[in-house]
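Architecture at a glance
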Amino acid sequence: MTTSSSLDNQTQIQGMNKGLCLCKVCRKINLTSNGSCTRCHAPLATRNYASIGQSWALLITAVILLVLANIYPITLITNRGVVTNDTIFSGTVHLVKTGMIPIAIIVFTASVLVPWLKIIGLAIYLTAISFNLPVSKKKLMVGFHIIEWIGRWSMLDLFVISITVALVNMGQLLDAKPAPAATAFALVILLTQLAAKVLDTRLLWDRLEPQNDAK
Ligand SMILES: [Zn+2]
């Protein structure tokens, strides 16, 4: 009969301890001792330790760009020759003042809340791995799924910008264009997605597994 404790032990068996590893190119399970994949000859590695540094670098670049995206104008509007520009913040305030509360909420969520939450969340993960912080594994796992889920919603802001630009241009009296901050903002989305993508999440489970499995 299988007891719950022996089940627990079974779930903690890792390929690394059995001398096995997954080829990152073709996903074939190989013997780590082979050195390279028997199917596609790609070099084998049980864990990608360089991914922590790569992820930190992408995340820090994203923070710098997000600050720039908030300082510089995100839209340029020309009304009868008069050019006005809006930053993310002034644009949101403008939307509230003109009574477009639902759009203001979408813009605020997509361009302020989501990117900052994602960056803070990823920074917590990277700190937990880099400094071996005793954080509950379950909490981190739930958090990681939330980060992955909310990340894709930041695209919504670029969608709102493009819709606004299209609507304003249709009126003929006004001319609206995306400003430099829009490029910075698009790069923030790309870099945070990449920072989450390059990170070898197995490093997180490796370090947290033995000490926090019960929590
Ligand atoms: Zn392979």
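Please read these numbers as outputs of a predicted model, since none were measured by experiment.

Cut-off values and rules
- Residues numbered from 1 in each chain as written.
- Predicted model: local features only at pLDDT ≥ 70, side-chain atom pairs only at ≥ 80, totals over all residues.
- Heavy atoms only, no water.
- Helix = DSSP H or I, 4+ residues; strand = E, 2+ residues; numbered from the N terminus.
- Buried < 20%, exposed > 50% of the residue type's maximum accessible area, 1.4 Å probe, protein only.
- Contact = heavy atoms within 4.5 Å.
- Areas by Shrake-Rupley, 256 points an atom, 1.4 Å probe, with all protein chains shown as cover.
- Donors = N, O, S within 2.8 Å, 3.2 Å for Na, K, Ca; no water.
- Tetrahedral: all angles 85-135°; square planar, octahedral: opposite > 155°, others 65-115°.
- Patch = residues over 30% accessible without salt bridge, like charges linked within 9 Å, V, L, I, M, F, W, Y side chains within 5 Å.
- Salt bridge = Lys/Arg side-chain N within 4 Å of Asp/Glu carboxyl O.
- UniProt positions renumbered as here; feature names shortened; annotations may be inferred.
- Axes fitted to C-alpha atoms, helices over the stretch in contact; angles between N-to-C directions.
- Parallel < 35°, antiparallel > 145°, perpendicular 65-115°, else oblique.
- Left-handed = near helix turned anticlockwise from the far one by under 90°.
- Nonpolar A, V, L, I, M, F, W, Y, C, P; charged D, E, K, R; others polar.
- Core = buried A, V, L, I, M, F, W, Y, C linked by side-chain atoms within 4.5 Å.

For the rest of this paragraph, the subject is the overall build of the protein. Along the protein, the regular secondary structure elements total eight helices and five strands. Looking at the 215 residues of the protein, the share that counts as buried comes to 33%. By sequence separation, contacts in the protein at least 24 residues apart represent 65% of the contacts at least 6 residues apart. Surface accessibility of the protein: about 12,900 Å² in total, with carbon and sulfur atoms responsible for 69%.

On the protein side, the zinc ion has Cys23 (SG), Cys26 (SG), Cys37 (SG) and Cys40 (SG) as donor atoms, found 2.2 to 2.3 Å from it. Here the zinc ion binds four donor atoms, and the angle range of 103 to 115° at the metal identifies the geometry as tetrahedral. Accessibility expressed as a relative area gives 31% for cysteine 40, which makes it partly exposed.

Glancing now at a nonpolar patch on the surface. Taken together, the side chains of Ile60, Ile64, Val67, Leu68, Ile71 and Tyr72 make up a nonpolar region of the molecular surface, amounting to roughly 550 Å² of accessible area. Tracing the backbone shows isoleucine 64 in helix 2 (residues 50-71).

Once that is clear, we can look at the UniProt feature "transmembrane region" (unreviewed entry) in the protein. Per the UniProt record, "transmembrane region" (unreviewed entry) is found at residues 56-76, 88-110, 116-135, 156-174 and 180-199. As annotated, residues 56-76 comprises 76% helix and 10% strand, and the C-alpha atoms at either end are separated by 33 Å. Counted over residues 180-199, helix gives 95% and strand 0%. Its end C-alpha atoms are 29 Å apart.

Attention now moves to the packing of helix 4 (residues 101-130) against helix 7 (residues 180-198). Relative to each other, helix 4 and helix 7 sit at 30°, their axes nearing to 11 Å. Considering the angle they form, helix 4 stands roughly parallel to helix 7. Crossing of helix 4 over helix 7 shows left-handed handedness. Touching Ala110, Ser111, Pro115, Lys118, Ile119 and Leu122 of helix 4 are Phe185, Thr192, Gln193, Ala195 and Ala196, all from helix 7. Classifying every residue of the contact of helix 4 with helix 7 gives seven nonpolar, three polar and one charged.

In terms of nonpolar packing, the biggest core is built from 30 residues, with Ile74, Leu122, Tyr125, Ile129, Phe185 and Leu204 touching the most fellow members. Elements supplying a minimum of two residues to this core: helix 2, helix 4, helix 5 (137-151), helix 7 and helix 8 (202-212). When residues in this core are grouped by element, the largest group, nine residues, is from helix 7. Within the second largest apolar cluster, five residues are counted, among which are Cys23, Cys37, Ala42 and Leu44.

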